[in-house]
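Residue-level structure breakdown
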Amino acid sequence: MLANSRQIVKEIGGKTQLKEALALVVQRAKSSMDADACSVYLKDTPTDQYLLKAADGLISGAVGKARVSRNEGLVGWVAAHEEVVNLANAPDHPGFHHIAETEEESFHGFMGAPIVHHGRVLGVIVAQKHERRRFDNDEAAFFTTLATQLGGAINHLLAKSDFSRQLNGPSRGRILIKGIPCAPGLAIGSLLLSQPADLLSTPDRRAPDIAAEEAAFQAAVSAAKEELRASGERMSAYLPGEVLSLFDAYVMMLESEKLNAGTVARIRKGQWARGALRDTILELALVFEQTEDPYLAARAEDIRNIGRHILLHLQGTARASGEYPRQCILAGMELSLAEISNVPRDRLSGIISVKGSAVSHTAIICRALGVPAVMGLTDLPIGYLENCEIAVDGQQGVVCINPSPADINEFRQRMQEEQAISAELESLRDKPARTVDGVLVPLFLNLGIGADEVSARAAEYEGVGLYRTEFFFIARDTLPTEDEQYSLYRHLLESFAPKPVTIRTLDTGGDKELPFFTTAETNPFLGRRGIRFTLDHPEIFLTQLRALLRANAGINNLQILFPMISRVNEIDAALGLLDRAYLDLTAEGQPAAKPQIGAMIEVPSAVYLIAALSRRVDFFSIGTNDLTQYLLAVDRSNPRVQGCHDNLHPAVIHVIGDIVHRAHRQNKPVGVCGEMAGDPASALLLLGIGVDSLSMTSSSLPRVKWTLRTFTSRQARELADKALKSENEADTHQLLNNALSAAGLNALVRR
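Fair warning: this is a prediction, and the values are worked out from it, not measured in the lab. Counting restarts for each chain, with residues numbered from 1 along the sequence as it is written. Local features in a predicted model are, by the rule used here, given only for residues with pLDDT of at least 70; side-chain atom pairs are given and counted only at 80 or more, and totals for whole chains, interfaces and linings are based on all residues. Excluded from the side-chain calculations are hydrogens and water; all other atoms, namely the structure's heavy atoms, are used.

1. A few points about the pattern of salt bridges
We count a salt bridge whenever a side-chain nitrogen from Lys or Arg sits within 4 Å of a carboxyl oxygen from Asp or Glu. According to the stated counting rule, one finds 26 salt bridges in the structure shown. With its nearest N and O atoms 2.9 Å apart, the salt bridge here joins Arg 546 to Glu 588. Here Glu 588 lies in helix H19 (residues 568–588) and Arg 546 lies in helix H18 (residues 538–552), a separation of 42 residues in the sequence. Buried means the residue's accessible area, taken with a 1.4 Å probe over protein chains only, is under 20% of the maximum for its type, while exposed means over 50%, and partly exposed covers the values in between. You can call Glu 588 partly exposed: its relative accessible area is 46%. In this structure, Arg 616 and Asp 572 form a salt bridge, with 2.6 Å as the shortest nitrogen-oxygen distance. Of this pair, Arg 616 sits in the loop between helix H21 (610–614) and strand E20 (619–622) while Asp 572 sits in helix H19, placing them 44 residues apart in sequence. On the basis of relative accessibility, which here comes to 30%, the residue Arg 616 falls in the partly exposed class. It is possible to trace a salt-bridge network through shared partners that takes in Glu 482, Asp 483, Arg 546, Arg 550 and Glu 588. The way it works is that DSSP assigns letters per residue, a run of H or I at least four long becomes a helix, a run of E at least two long becomes a strand, and they are numbered from the N terminus.

2. Looking at helix H27 (residues 729–742)
Taking 1.5 Å as the rise per residue, H27 with 14 residues should run 20 Å; its terminal C-alpha atoms sit 20 Å apart, in good agreement. Residues of H27 that are buried: Thr 732, Leu 735, Leu 736, Asn 737, Ala 739 and Leu 740. Put simply, Asn 728 is the residue that caps the front of H27, since its side-chain oxygen is 3.2 Å from the backbone nitrogen of Ala 730. Taken from the residues just after H27, Gly 744 is the one with a positive phi, measuring 80°. Every helix has an expected span of 1.5 Å times one less than the residues it contains. Nitrogen and oxygen atoms within 3.5 Å of one another constitute a polar contact, given that in protein one can donate a hydrogen and the other can accept it, and given that sequence-neighbouring residues count only through two side-chain atoms.

3. Details of the packing of helix H5 (residues 210–235) against helix H7 (residues 257–268)
The convention used is that axes are lines fitted to C-alpha atoms, helices contributing only their stretch in contact, and that angles between N-to-C directions extend from 0 to 180 degrees. Contact pair H5 / H7: the axes reach a minimum separation of 9 Å and the direction vectors enclose 160°. What the angle tells us is that H5 and H7 run roughly antiparallel. Both H5 and H7 take part in a crossing whose hand is right-handed. Where H5 approaches H7, its residues Ile 210, Glu 213, Glu 214, Phe 217, Gln 218 and Val 221 are matched on the opposing element by Leu 259, Asn 260, Thr 263, Val 264, Ile 267 and Arg 268. Note on residue classes: Ala, Val, Leu, Ile, Met, Phe, Trp, Tyr, Cys and Pro are nonpolar, Asp, Glu, Lys and Arg are charged, and everything else, Gly too, is polar. Residue composition of the contact of H5 with H7, by class: six nonpolar, three polar and three charged. With respect to orientation, any angle under 35 degrees is reported as roughly parallel, any angle over 145 as roughly antiparallel, any angle of 65 to 115 as roughly perpendicular, and every other angle as oblique. Left-handed describes a crossing whose near helix is turned anticlockwise from the far helix through less than a right angle; right-handed describes the clockwise counterpart. Whether two residues touch is decided by their heavy atoms; if any such pair falls within 4.5 Å, the residues are in contact.

4. Quick notes on the nonpolar core
One finds Phe 562 and Leu 694 to be the most contacted residues of the largest nonpolar core, which totals 97 residues. Beyond its immediate sequence surroundings of up to four residues, Phe 562 is in contact with Thr 505, Ile 531, Phe 541, Leu 545, Ile 571, Ala 574, Leu 575, Ile 597, Gly 598, Ala 599 and Met 600. Counting 50 residues, the second-largest nonpolar core is a separate cluster that includes Tyr 250, Leu 284, Phe 288 and Ile 306. What is meant by a nonpolar core is a set of buried Ala, Val, Leu, Ile, Met, Phe, Trp, Tyr and Cys residues, joined one to another through side-chain atoms within 4.5 Å.

5. Some remarks on the pairing of E20
Remark: a regular strand shows side chains that alternate across the two faces of the sheet. Every second residue of E20 is oriented toward a common face, with Phe 619 and Ser 621 on one face and Phe 620 and Ile 622 on the other, all of them buried. For two strands to count as paired, DSSP must find a minimum of two bridges between them. Relative to E20, strand E19 (residues 596–601) runs parallel, the two sharing four bridges. Residue pairing in the sheet places Met 600 in a bridge with Ser 621 of E20.

6. Some details on the sheet that holds strand E11 (residues 348–353)
If you walk across this open sheet you meet the eight strands as E7-E14-E13-E9-E10-E11-E12-E8, and the pairing is mixed. Among the strands making up the open sheet, the edge pair consists of strand E7 (175–178) and strand E8 (180–183). Each strand axis lies, on average, 30° off the axis of its neighbour in the sheet, ignoring direction. In the sheet, strand E9 (residues 186–193) pairs with strand E10 (residues 328–332) via four bridges, with the strands oriented parallel. The residue bridging Leu 193 from the neighbouring strand is Ala 331, located in E10. Contacts between helix H13 (residues 405–427) and the sheet are confined to E9, strand E13 (389–393) and strand E14 (398–401), with E9 contributing the most and set at about 120° to the helix.

7. A closer look at H5
Along its 26 residues, H5 runs 37 Å from first to last C-alpha, staying within 8% of the 38 Å computed at 1.5 Å per residue. Along H5, the residues that are buried comprise Glu 213, Glu 214, Phe 217, Ala 220, Val 221, Ala 224, Lys 225, Leu 228, Ser 231, Gly 232 and Met 235. The backbone nitrogen of Ala 211 lies 3.2 Å from a side-chain oxygen of the residue at the head of H5, namely Asp 209.

8. Details of the state of the cysteines
Defined by distance alone, a disulfide is two cysteine sulfur atoms within 2.5 Å. Within this structure, the stated rule accounts for zero disulfides. Cys 182 supplies the cysteine sulfur nearest to Cys 366, a cysteine that is in no disulfide, at a spacing of 8.1 Å.

9. Observations concerning the packing of aromatic side chains
Two rings from Phe, Tyr or Trp (for Trp, the six-membered ring) form a pair when their centres sit within 6.5 Å of each other. Planes less than 30 degrees apart are called stacked, planes more than 60 degrees apart edge-to-face, and all others tilted. Taken as a whole, this structure holds one aromatic pair when the rule is applied. Sitting over the ring of Phe 411, Arg 414 keeps its end group 5.7 Å from the ring centre. In this scheme, Lys NZ or Arg CZ marks a charge over a ring once it lies within 6 Å of the ring centre and within 35 degrees of the ring normal. Over the face of the ring belonging to Tyr 486 we find Arg 550, whose NZ or CZ atom lies 4.4 Å from the ring centre.

10. Overview of the sheet that holds strand E18 (residues 558–562)
Adjacent strands of a sheet pair through backbone hydrogen bonds, lying either parallel or antiparallel. Spatially, eight strands are ordered E15-E16-E17-E18-E19-E20-E21-E22 in a closed barrel, and the strand pairing comes out parallel. For this sheet, the mean angle separating the axes of adjacent strands, direction not counted, is 25°. As paired elements, strand E15 (residues 443–447) and strand E16 (residues 464–468) share three bridges and run parallel to each other. The residue of E16 that forms the bridge with Leu 447 is Tyr 467.

11. Here's the deal with unusual backbone geometry
Negative phi characterises most residues that are not glycine, and trans characterises most peptide bonds. Ala 497 connects to Pro 498 through a cis peptide bond whose omega is 5°. On the secondary structure map, Pro 498 appears in the loop between helix H16 (482–496) and strand E17 (501–504). In the Ramachandran plot, Asp 48 falls in the positive-phi region, its phi being about 60° despite a non-glycine side chain. Looking at the element boundaries, Asp 48 is found in the loop between strand E1 (37–44) and strand E2 (49–56). Phi is positive for Asn 667, which is not a glycine, with a value near 60°. As for its position among the elements, Asn 667 is in the loop between helix H23 (650–665) and strand E21 (670–672). Classification of Asn 667 as exposed rests on a relative accessible area of 70%.

12. Focus on the packing of H18 against H19
Here H18 crosses H19 at 60°, and the two axes come no closer than 9 Å. By the angle between their directions, the pair H18 and H19 is classed as oblique. Note on packing geometry: the crossing formed by H18 with H19 is right-handed. Contact with H18, carried on its side by Pro 538, Phe 541, Leu 542, Leu 545, Arg 546, Leu 549 and Arg 550, involves Ala 574, Leu 577, Leu 578, Arg 580, Ala 581, Tyr 582, Asp 584, Leu 585 and Glu 588 of H19 and no other residues of that element.

Given below as structure tokens:
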């Protein structure tokens, strides 16, 4: 029966109409349980009642008419108490209420289960028998499992139904939907759906001519590369060099041995080119999808985009350049660099997508272009929205469909305010992040795409607070050599000299595997991550340490940061390998220079080892993303618990305060390099707690600087004192938002 429940949910997942899906549910459930009747009641929000939406075994005329209030009858009782009821004789229950429309007098056995999605009761599913007996354990297990599985599927269909009703009704009502803010800014325009090739819908098919299929695939790859190069040239007038390098990265992916050889091998086994491409792309994407790190997980999106791009050329489909509206809001399930760059820059006003995140390459492009973007709109039936007028708020992560005249006026007013803010931020470019009472707060950069991304504008920044070396490893099919790493690190250090550059050693393993080095772990989130992986592989670690020491020779602005420290002996072992690398280099006559050493505090156990660690390192850097995740036991890459991952949780704030206090007692500076540092409100709080420096993306830096220059350090401390007394994160958010608003920084408030 449990297998049947999964099959039922799978079948309704392919339905586009709610009525059709519910009819299938009651039919399948009734036959699976050998019940005499099965029905589904869904909540009617305007009346706060539960309306019979589908039935098998009751009189057909009751559907759409029979309804009960919350707590009325057994259906209302199940909804109100959110509990399963299994009765031998329904009329014996004190909550029983006869529903006249259903003519159910002949039924005695009754079982009802709530249909719940994210804590919200959507409805109730009911099974009934003429016989006076309870449903047995197998039937009850099947039924409750089915009810639990139905929540997500029914919620999705309800969302589509609501959208359809509102969009196609006479009033074409206004709809607001919340997603992930990925690129700040405001835009109003007409929605245009992208024309992605659908890899998943590509069928299996035998290759009629293997040589011809292989040639077609290679031609499509060549065409995709040429289009990407042309796209990069078109965008060169609008994008800085570090972002343009993403186009080169996509071309490198197209040249990947795993992609090309994997697809060709499948073609030679008899699969046609499109099916072979599909299987290869899905296999490569899976490596990244299984990672916990949001940046690396977002690379699966890049792989799928590359696959769709090749498939478009295999299919020979593309959009003509003149088909874009003047104020184009480009939308799709996922959007590739090529799709974005194909829209004329003077017509591209905004981006929205069902999938995607703030660390996707699409988001990076949007931020560099200054195009507002909202992604992760998981409940958005995007196919319904072609040609709709759309307002996009990339700062708050909100999309307004069919905005009212009042909405449009408000957006336009806010757009004018944003232009004024941009001018204000530009005026701060060469000014320090100094509080009103003169406290200087160093603001550093988080980097990770490549060394070229900062060389042109390094003079604008105070240094690098976090350089993620794992991205250099992940983007390859083989381990980088010592000389390749040396060239990368040397260029980065030279670009910023004499300013400090903090380079984190390879932070991979376990949940974020190297493409060429995979291991299976039962719980990769708590597996061989960071320093555990590199200590297990000294042949990899020593090569990196040698390259870093060589790169620092004669410049001496390097700071090495060891990730995922959880015990003192990990630092001892890492320092031992660093000393060994230095001695080997000097013995070989190669120039080398030892750097300052730091430890990342992101594992809770490290908080209580700070005194011991301080005798071995020069500084600490707090990784608030993982610290919050481990402290709150919340997988930050899991959308189902996304609302539980909050850096302003009282426990997180107290732990950060504890870290600062313990480190300062040992005369060691503490920086923050997680996402928390790049949020203006949180940055103000971190200053008040006593953090010495902040590191963030270049796009976040101007707004954080503006915030810090607006407050005194005393005001920041007072806010921190109040936050440390808060019992929940909602109060802390309100506290900080009120402070920003009172200071005239409403534009930086996230609702």
